[in-house]
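In case you want the letters, here they are:
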Amino acid sequence: MDQTNSTPAKSTFPRPYAEPSDSCIGKRAYDGRITNDRAQSSRSAGQTVGRMVPLPFEEPGPSQLPIASPLIVGPSRSFFEGAQHFRMRDFQYFNHVTVNPAPNPESFGWKLLLENISPNALHNSYARYDAPKCDEDTRVEVTSELMDWIGDRDCPQRLLCMTGAAGSGKSALQQTVAERCAKSGILGSAYFFSNGDPTRNTTSTVVPTIAFQLGSHNPDLKLAISTVVAQDLVIFKKSVRAQMDSLLVQPLKHLRERSGLDLTTLPHAILIDGLDESKGEDRQEELLHAIRECLLTEDLPFRIFIASRPEWAIRTALEPGGHLHTLAYHIQLSDKYDASGDMRRYLQRRFEQLSLRTGNPRWFTEQNIEGLVRAASGQFVYVATVYRWVSQRRASPAERLKIVLTWTASEGQISRPFEALDKLYTDILLAAKTAYEAVDTHSGRDFLLLLNIHHVNCFAAVDYVSDISKRRLTKFLRLEAGSTEILISDLRSLVTMRTAHADFHYLHMFHKSFSDFLETESRAKELFVPFGRLYAHMAKCCLLHIIQSPHSAIHVNQACRLLPLYWMRASAIDDEIIEFTKKGGWHKLDSAVPAEWRGECSSLLDHFDSLTEGLKSRAPEVVAVMNTFFKKWKRDYELEGWGVQVDNDSDSEHLSRRARTLT
């Protein structure tokens, strides 16, 4: 830019395009080229030179713009406002106006839908690469039943729920069914929950993901779903039932009634796996209610297959009186099908494949396979876990198999062949513990302690623990009726209650390896409860029942018989022993214990030093009372063994007076 007062030679710059007509939108904004010659000629003609840029664009009338066009705003200031005495060369200014067309409702709605789905939940997603599935010659019977049910369009029950223990192979069956349905062209949608994946561990993306898959099969349905989303921008913030009605039911009904679409031509299999891995029992229940109210009550063609552990939401829905009890076809996988033969074939085939890698066909035996199948307790997850560990690429399969078959917990043990199983058990136990102890009426109760007492009662090798029925054990632990069912309500994928006879119910564990987990500190880690602590709690219960007699919930004879057995194996309970002695507990025990049980009581004298080790300096008077009673029971037992009649009345009165001196 060269400032001067001289008058330049007049020059002309031809336009490279035609002058726009008056009818053109934005005429004044179209060509903003102004030359110094025009400015000079305007001054010579006595005209005032205004802005050297186009005037602001005047909005056209409604007929000139498409519907829903964005506002078009021109410049509001001159580049050279107030400038004087300057000259410009070859200055050109173009103001381009862009008019964007209105968005396509179909593409806009579909794009918004895609932003709210979970791609990881699809049966063929990248996140689920190499997902577990059944071999061709395994789980044949159950797979055939599932596929036959899906293919039977005339069956009145349009919902199938398959429940089973953790690791029983539910997800592998779902994956197998999904792939077969996809190959047959009948897979409408599949959704695989996973509690470890934040994109698919809630119910919030279930309906959008199902709608996406169904819409992808039919362009008319895709358009209908997209239109709903475009017209209701908060649809994904609404309840699951509202989403299911708006995105699935109403578009399908509209196409059937308005377009004459035959809904039976659509892929009809809808698969949902791992409902229990979705966060929140209430949300799981909400999804089940939405399915019942939207997909089962309408005349829709879908066959819905849900697989889950038998946790609270689906278990209560399927029980007698539950809202799905009469509507659903229920397969209890762990009870109905024995997978032992399938597990043998699974291990045989995979071990033979490892033989090709190692060049040693004799690195395993049939007995090895039988041992693994027995240890699996019918649960596929055990043999699958073992195989994955044994087949580690940079290790010897034979050596690792030997470790599995002979593994014991020991100090310095490095090998962790059951690490994947242990994580499964840990996750389930922690969730159950949190839920149980969060209930206000369970304040002060230790979930892991109570569970392990039930476990020891049913699985311990000692007879004196394993003969208490569930009902009697509940009373013994001073708990309310039904407390055992509540205790295990979130563990139904690992344990259940079974009945031996009318008066004997006991805890049954689906996995032997879960029992091993509870008993092994190196596996259970912070969830481990030492046996000494279990027996200490049982011994304390005995003391309380004896003190409360004859008003105790159980017969005092039982508490008297069990106290020595628990106490001799318990960790220290010194405070409770002192209180028991002060309240005359030993006299009550002496009065109540039958003659045939005095042998157990007399054995306390043999363990006297270990039982009173912490009391000798702290409460010697308590030790003295205990010593007197223990010696009496020892003497009585020996005399009765010789057939000598024992006069307990005088001795008991003497000991009672001595015990009362402590109170």
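A. View of the pattern of salt bridges. Per the stated rule, a full pass over the model turns up 29 salt bridges. The salt bridge partner of E145 is K336, with a shortest N-O separation of 3.0 Å. Of this pair, E145 sits in helix 4 (residues 140–151) while K336 sits in helix 11 (residues 333–336), placing them 191 residues apart in sequence. According to the relative accessible area criterion, K336 is partly exposed, its value standing at 48%. Of the charged contacts in the structure, one is a salt bridge between E293 and R241, with a shortest N-O distance of 2.7 Å. Here R241 lies in helix 8 (residues 240–258) and E293 lies in helix 9 (residues 281–295), a separation of 52 residues in the sequence.

B. Region of interest: the packing of helix 7 (residues 219–231) against helix 8. Packing of helix 7 against helix 8 leaves a shortest axis separation of 9 Å and a crossing angle of 130°. One way to sum up the angle between helix 7 and helix 8 is to call them oblique. Note that helix 7 runs across helix 8; the crossing there is right-handed. Of the residues in helix 8, those touching helix 7 at D220, L221, A224, I225, V228 and V229 are S246, L247, P251, L252 and L255. Of the residues belonging to the contact of helix 7 with helix 8, the class tally is 9 nonpolar, 1 polar and 1 charged.

C. Local environment of the packing of aromatic side chains. Summed over all chains, the structure comprises 24 aromatic pairs. Between Y382 and F418 the ring centres are 5.8 Å apart and the planes differ by 25°, which places this aromatic pair in the stacked class. Separated by 36 residues along the polypeptide, Y382 in helix 14 (residues 380–390) and F418 in the loop between helix 15 (397–406) and helix 16 (419–437) bring together distant segments of the chain. Considering the side-chain rings of F608 and F630, the 5.7 Å spacing of their centres and the 85° angle between planes classify their relative orientation as edge-to-face.

D. Spatial organisation of the sheet that holds strand 5 (residues 328–332). Read from one edge to the other, the open sheet built from 5 strands follows the order 2-3-4-1-5, with strand pairing classed as parallel. Pairing within the sheet leaves two strands with one partner each, and these edge strands are strand 2 (187–192) and strand 5. For this sheet the average axis-to-axis angle between neighbouring strands, irrespective of direction, equals 15°. Across 5 bridges, the pairing between strand 3 (residues 269–273) and strand 4 (residues 303–308) is parallel. Residue pairing in the sheet places A269 in a bridge with R303 of strand 4. Lying over the sheet, helix 5 (residues 170–184) contacts strand 1 (159–163), strand 2, strand 3 and strand 4, oriented at roughly 155° with respect to strand 3.

Criteria and thresholds
- Residues numbered from 1 in each chain as written.
- Predicted model: local features only at pLDDT ≥ 70, side-chain atom pairs only at ≥ 80, totals over all residues.
- Heavy atoms only, no water.
- Salt bridge = Lys/Arg side-chain N within 4 Å of Asp/Glu carboxyl O.
- Helix = DSSP H or I, 4+ residues; strand = E, 2+ residues; numbered from the N terminus.
- Buried < 20%, exposed > 50% of the residue type's maximum accessible area, 1.4 Å probe, protein only.
- Axes fitted to C-alpha atoms, helices over the stretch in contact; angles between N-to-C directions.
- Parallel < 35°, antiparallel > 145°, perpendicular 65-115°, else oblique.
- Left-handed = near helix turned anticlockwise from the far one by under 90°.
- Contact = heavy atoms within 4.5 Å.
- Nonpolar A, V, L, I, M, F, W, Y, C, P; charged D, E, K, R; others polar.
- Phe/Tyr/Trp six-rings, centres within 6.5 Å; stacked < 30°, edge-to-face > 60°.
- Pairing = 2+ DSSP bridges.

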